[in-house]
Amino acid sequence: MAGRDRDKRDRDKRDAGRRESSAPAGEDPEGAEERRRRRAQFLRELNEAKELRARVQPRRARAARMRQQMRMRTFRW
């Protein structure tokens, strides 16, 4: 019985932390704009890093492309 009470307290603490940290969906559109801008920047840098890696390690990049092609060929819709 004591174990269940402890589990419930832990769950309540976890849920309370989630409620405090999450903002309402309709609030702070500037924050959403900033988040989209940061995400776009991150994705640009990620693609740049992937291109650089492909240039530096052509054999691995070619093998990775071949594996991806095989995955796409064997994928069933």
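On a predicted model such as this, the values are computed, not experimentally measured, just so you know.

Turning our attention to the overall build of the protein chain. Each helix and strand counted, the protein chain has three helices and zero strands in total. When the elements of the protein chain are put in sequence order from the N terminus, they spell out α-α-α. Of the roughly 8000 Å² that the protein chain leaves accessible, carbon and sulfur atoms contribute 52%.

Turning our eyes to something else, we now look at a nonpolar patch on the surface. Residues Phe42, Leu43 and Leu46 make up a contiguous nonpolar surface patch of roughly 250 Å² in combined accessible area. Tracing the chain through its elements places Leu43 in helix α2 (residues 29-56).

Let us now look at the layout of surface pockets. Taken as a whole, the largest pocket holds about 200 Å³ of empty space. In this structure, the largest pocket is lined by Lys50, Arg53, Ala54, Gln57, Arg60, Ala61, Ala64 and Arg65. For the lining of the largest pocket, the secondary structure elements donating two or more residues are α2 and α3 (58-74). Here the lining of the largest pocket gets four residues from one element, more than from any other, and that element is α3.

Our next topic: the pattern of salt bridges. In the structure shown here, the tally under the stated rule is three salt bridges. Measuring nitrogen to oxygen at the nearest pair gives 3.9 Å for the salt bridge that ties Glu34 to Arg38. In this pair, Glu34 and Arg38 are both assigned in helix α2, four residues apart and thus about one turn of the helix distant. The class for Glu34 is partly exposed, based on a relative accessible area of 32%. Judged by relative accessible area, Arg38 falls into the partly exposed class, the value being 48%.

On average, residues of the protein chain score 77 in pLDDT, and 64% of them are at 70 or above. Between the elements of the protein chain, mean pLDDT differs from a low of 57, seen in helix α1 (residues 2-21), to a high of 92, seen in α2.

Further remarks concern the environment of Thr74. With respect to the helices and strands, Thr74 occurs in helix α3. You can call Thr74 exposed: its relative accessible area is 56%. At 3.3 Å, the side chain of Thr74 forms a polar contact with the backbone oxygen of Arg71.

Conventions adopted
- For every chain, the first residue of its written sequence is number 1, and the numbers climb from 1 along that sequence.
- Side-chain atom pairs in this predicted model are given and counted only at pLDDT of 80 or more, local residue features only at pLDDT of at least 70, and totals for whole chains, interfaces and linings cover all residues.
- By convention in this description, side-chain values take in all heavy atoms of the structure and omit both hydrogens and water.
- Helix and strand assignments follow DSSP, with helices taken as H or I runs no shorter than four residues and strands as E runs no shorter than two, numbered in order from the N terminus.
- Methods summary: accessible areas were calculated by the Shrake-Rupley approach with a probe of 1.4 Å, and residue burial reflects only the protein chains presented.
- Only residues whose relative accessible area exceeds 30% and that form no salt bridge are eligible for patches; like-charged ones are grouped when within 9 Å, while nonpolar side chains (Val, Leu, Ile, Met, Phe, Trp, Tyr) are grouped when within 5 Å.
- Salt bridges are identified by distance alone: a Lys or Arg side-chain nitrogen within 4 Å of an Asp or Glu carboxyl oxygen.
- Grid points spaced at 1 Å over the protein atoms alone were grouped into cavities, where a 1.4 Å probe fits but cannot get out, and pockets, open sets with protein on both sides within 12 Å along at least five of seven lines, with lining residues defined by an atom within 4 Å of a point.
- Grid points are joined across faces, edges and corners, and a volume is the space filled by probe spheres set on the points.
- Only protein chains enter the accessibility calculation, which uses a 1.4 Å probe; a residue is then buried when its area is under 20% of its type maximum, exposed when over 50%, and partly exposed in between.
- A score between 0 and 100, pLDDT records how confident the predictor is in each residue.
- The term polar contact refers here to a pair of N or O atoms within 3.5 Å; inside protein, the definition further demands a hydrogen-donor-capable atom paired with an acceptor-capable atom, and it admits residues adjacent in sequence only when both atoms are side-chain atoms.

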